[in-house]
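Architecture and fold: a report
Residue strings, one per chain:
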Amino acid sequence: KKLRSYTVWGPMCMVMASLLFLLSSWLIRAVAKNGSGKVDAQQIALLAFVVGACCCLINSCRQGFKFGQLKDLLRRGGYGGGSVGLYYMTLQHMSFGTATFFNSSASIFSSLYAAKYLAEPLTPQMSALLATSFIGIAQVIWAVMPPKLGWEDVWLFVALLGAALSGAAQALARKLRLEIG
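Residues numbered from 1 in each chain as written. Predicted model: local features only at pLDDT ≥ 70, side-chain atom pairs only at ≥ 80, totals over all residues. Heavy atoms only, no water.

1. Observations concerning helix 6 (residues 124-144)
- Counted at 1.5 Å a residue, the expected span for helix 6 with its 21 residues is 30 Å, and the 30 Å between its end C-alpha atoms agrees.
- Taken together, the buried positions of helix 6 are occupied by Leu130, Ile137 and Ile141. The arc that holds every buried residue of helix 6, seen down its axis, measures 40°, which confines them to one face. In helix 6, the exposed residues that point more than 90 degrees away from the buried face are Pro124, Gln125, Leu129, Thr132, Ile135, Gln139, Trp142 and Ala143. (Helix = DSSP H or I, 4+ residues; strand = E, 2+ residues; numbered from the N terminus. Expected span 1.5 Å × (residues − 1). Buried < 20%, exposed > 50% of the residue type's maximum accessible area, 1.4 Å probe, protein only. Arc of directions from axis to C-beta.)

What follows is the structure, given as structure tokens:
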């Protein structure tokens, strides 16, 4: 019975998290366009952190909180917070679709981190998928990047750094789930 509830709630939680992420991105862009034209990314990241911390506090009051992996939890929070901050900054400087595309490439980095640091096997099928994904990202970078790089084009690389930090946060979350059981 427990397995069945995970198979139902897991995908529903993923869909809900994706929709909330999309909604927050749209709201940030709307405020940036209708307001002064600037949205302070650090304030938005802080607000996202406060909302997430409140959710964690509510959950820990219900289920109890273990401090066994405090160092990994702090690292995961730092990587995730850095990723969110960089994503919100790139939303201010590049189109919504391009910023979200680069942020969505975090699963590539997550797979590489999991293979390197969690000793998860990198199968030939996974390697082929990773290579295809890297080629897709390279094509988007090639299409978006101008022939001569200027200071304003640094946001492409900031977006990729945010995706790499997000991938590290995902891999650490997987490590913590494996350790907790």
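Alright, that's what it looks like, and here's the rest.
2. A look at the pattern of salt bridges
- One pass over the full model with this rule turns up three salt bridges.
- Note that Arg75 and Asp72 form a salt bridge whose closest N and O atoms lie 3.1 Å from each other. Of the two residues, Arg75 and Asp72 are both situated in helix 3 (residues 70-93); the distance of three residues between them amounts to about one turn of the helix.
- For Arg75, a relative accessible area of 36% puts it in the partly exposed group.
- Put simply, Asp72 and Lys175 hold a salt bridge, and the shortest N to O gap is 2.8 Å. You can see Asp72 sitting in helix 3 and its partner Lys175 sitting in helix 7 (residues 154-180), a full 103 residues away along the chain.
- According to the relative accessible area criterion, Asp72 is buried, its value standing at 8%. (Salt bridge = Lys/Arg side-chain N within 4 Å of Asp/Glu carboxyl O.)

3. Topic: the side chain of Ser111
- Structurally, Ser111 can be placed in helix 5 (residues 106-117).
- For Ser111, a relative accessible area of 19% translates into the label buried.
- Those residues in contact with Ser111 that sit more than four places away from it in its chain are Met126 and Leu130. (Contact = heavy atoms within 4.5 Å.)

4. Notes on unusual backbone geometry
- A positive phi angle, close to 55°, is found at Ala119, a residue other than glycine.
- As for its position among the elements, Ala119 is in the loop between helix 5 and helix 6.
- Under the relative-accessibility criterion, Ala119 is labelled exposed at 66%.

5. Things to note about the packing of helix 5 against helix 6
- Interhelical geometry of helix 5 versus helix 6 gives an angle of 140° and a closest axis separation of 10 Å. On the basis of the axis angle, helix 5 is oblique to helix 6. As helix 5 packs across helix 6, the resulting crossing turns out to be left-handed. Judged by residue contacts, Ile108, Ser111 and Leu112 of helix 5 engage Met126, Leu130, Ser133, Phe134 and Ile137 from helix 6. (Axes fitted to C-alpha atoms, helices over the stretch in contact; angles between N-to-C directions. Parallel < 35°, antiparallel > 145°, perpendicular 65-115°, else oblique. Left-handed = near helix turned anticlockwise from the far one by under 90°.)

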